[in-house]
Amino acid sequence: MAQITLKQAGGVDVVAFLDMLAWSEGTDNGKQPTKDHAYDVIVGGKLFTGYADHPRTTTANSTYQGQDTVRLGAAVAGVTAGDLVIIGFGQNELGQAATRANVIAICQAFQAAGAAVLVMGCFRPNANDLHNSQTNANWRYTQCALREAAYTCGAAYVSTELLYDDAVPGALGLSANDFSAATLDVHPGAREHRNLSARLASWLD
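Definitions and cut-offs
Residues numbered from 1 in each chain as written. Predicted model: local features only at pLDDT ≥ 70, side-chain atom pairs only at ≥ 80, totals over all residues. Heavy atoms only, no water. Helix = DSSP H or I, 4+ residues; strand = E, 2+ residues; numbered from the N terminus. Buried < 20%, exposed > 50% of the residue type's maximum accessible area, 1.4 Å probe, protein only. Contact = heavy atoms within 4.5 Å. Pairing = 2+ DSSP bridges. Phe/Tyr/Trp six-rings, centres within 6.5 Å; stacked < 30°, edge-to-face > 60°. Axes fitted to C-alpha atoms, helices over the stretch in contact; angles between N-to-C directions. Patch = residues over 30% accessible without salt bridge, like charges linked within 9 Å, V, L, I, M, F, W, Y side chains within 5 Å. Areas by Shrake-Rupley, 256 points an atom, 1.4 Å probe, with all protein chains shown as cover. Salt bridge = Lys/Arg side-chain N within 4 Å of Asp/Glu carboxyl O. Polar contact = N/O pair within 3.5 Å; in protein donor to acceptor, adjacent residues only side chain to side chain.

> For the overall build of the chain, give the residues involved together with the corresponding values.
Along the chain, the regular secondary structure elements total eight helices and three strands. The buried share of the chain, reckoned over its 205 residues, is 39%. Pairs at least 24 apart in sequence give 63% of the contacts found in the chain among residues at least 6 apart.

> Let's hear about unusual backbone geometry: which residues, and what values?
Positioned with a positive phi, Ser 180 is a non-glycine residue whose angle comes to about 45 degrees. Mapping Ser 180 onto the fold places it in the loop between helix H7 (161–164) and helix H8 (190–204). The class of Ser 180 is buried, set by a relative accessible area of 0%.

> Hey, could you go over the pairing of strand E1 (residues 84–88) for me, with residue numbers and the actual values?
Side chains of E1 alternate between two faces, with Val 85 and Ile 87 buried and Leu 84, Ile 86 and Gly 88 left unburied. Sheet analysis places E1 next to strand E2 (residues 116–120), joined by five bridges and oriented parallel. Across the sheet, Val 85 pairs through a bridge with Val 117, a residue of E2.

> Account for the packing of aromatic side chains, naming residues and giving values.
Two numbers describe a pair of aromatic rings. These are the distance of the centres and the angle of the planes. The full count for this structure, using the stated rule, is three aromatic pairs. When the ring of Tyr 151 is compared with that of Tyr 157, the centres are 6.2 Å apart and the planes differ by 75 degrees; the resulting orientation is edge-to-face. Under the relative-accessibility criterion, Tyr 151 is labelled exposed at 54%. Geometrically, the ring pair formed by Tyr 164 and Phe 179 is edge-to-face, given 4.8 Å between the ring centres and 80 degrees between the ring planes. With a gap of 15 residues between them, Tyr 164 in helix H7 and Phe 179 in the loop between H7 and H8 connect regions that are remote in the sequence. Residue Tyr 164 shares its accessibility class with Phe 179, and that shared class is buried.

> I'd like a description of the sheet that holds E2, backed by residues and values.
Taken together, three strands build an open sheet; the order of strands is E1-E2-E3 and the sheet is parallel. For this open sheet the edge positions go to E1 and strand E3 (156–158), each flanked by a neighbour on one side alone. Averaged over all pairs of adjacent strands, the angle between their axes in this sheet comes to 25 degrees, without regard to strand direction. Contacts between helix H5 (residues 99–112) and the sheet are confined to E1 and E2, with E2 contributing the most and set at about 155 degrees to the helix. The strands touched by helix H6 (residues 136–153) are E2 and E3; relative to E3, the strand with the most contacts, the crossing angle is about 160 degrees.

> Describe a nonpolar patch on the surface, listing the residues and the values that go with them.
Residues Leu 84, Leu 162, Trp 203 and Leu 204 make up a contiguous nonpolar surface patch of about 410 Å² in total accessible area. Within the secondary structure layout, Trp 203 lies in helix H8. Judged by relative accessible area, which is 39%, Trp 203 ranks as partly exposed.

> Tell me what's going on with the pattern of salt bridges, and back it up with residues and numbers.
One pass over the structure, following the stated rule, counts five salt bridges. Where Asp 166 meets Arg 124, a salt bridge forms, and the shortest distance between an N and an O atom there is 3.1 Å. Of this pair, Asp 166 sits in the loop between H7 and H8 while Arg 124 sits in the loop between E2 and H6, and the two are 42 residues apart along the sequence. You can call Asp 166 exposed: its relative accessible area is 53%. When the shortest N-O distance is used, the salt bridge between Arg 140 and Asp 165 registers 2.6 Å. Highlighted residues: Arg 140 in helix H6 and Asp 165 in the loop between H7 and H8, separated in sequence by 25 residues. Take Arg 140: its relative accessible area is 32%, and that puts it in the partly exposed class. Three or more residues joined by partner-sharing salt bridges are found here, namely Arg 124, Arg 140, Asp 165 and Asp 166.

> Quick one: what's the story with the side chain of Ser 197, residue by residue and with numbers?
If you trace the backbone, Ser 197 turns up in helix H8. Residue classification places Ser 197 among the buried residues on the basis of a relative accessible area of 1%. At 2.9 Å, the side chain of Ser 197 forms a polar contact with the backbone oxygen of His 193. Within the structure, the side chain of Ser 197 is placed 3.0 Å from the backbone oxygen of Arg 194, a separation counted as a polar contact.

Below, the structure written as C-alpha cells:
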C-alpha cells in the first residue's frame, strides 16, 4: 500500500486512490509475491530486481489489451453489486484499433456483475520521449476510443484531456516535460498520480 504519509500525498483521498490502484491491479494485495510493496512486479506476476532501467518485457496484458481471461475473470469475481470499478487505461496500447471494443467488453463484464463503472482517460506521454506508439496523435485517438466505449456502455467517463490538453496548459499543475515522469515515456510519476487523484476526488466528492 501507499508508502507515503497523508501529508506527503496531499490527503486521505490521494492515499486511498493509490491504495485502490495497487489493490485493483492485484500487485499489493498480500497474494502477489513482492520484495518492495509491488514496485518490483511486472504485469503477469514476475519480479524484476533493479530500477535503473525499464524491464522491457512483453506481457499477456499487452497481448490481450486488458482482456487476459485469468486477470479479468479474477477481477470480475471480486466485485459485488453496488461496487464502483474504475477502469484506468495505460499507454502500452496507445493507438490500437481494438481499444474501443476491448474496453466495452471489460465494462460490460463488470456491469454484468452489478458494478457501476467509471472509465478514466489515459495519461499523456512525456514531451521528451515520444517514440513508437507513444505519440500525441495516438494519445488523442485512444482518448476518443475510451470516451466512446464509456458512452456506449452507459459508464461514467473522466476526461484527462481536460487536464493534459495543450489548450489547458498547467491545468494539472505539471508541464509537458513532467508527464509520465516515472519512466519519461508511459508511466506517471508520484506527483502526477497525486495531482490526478486529488482532482478526481474533488470531481467525485
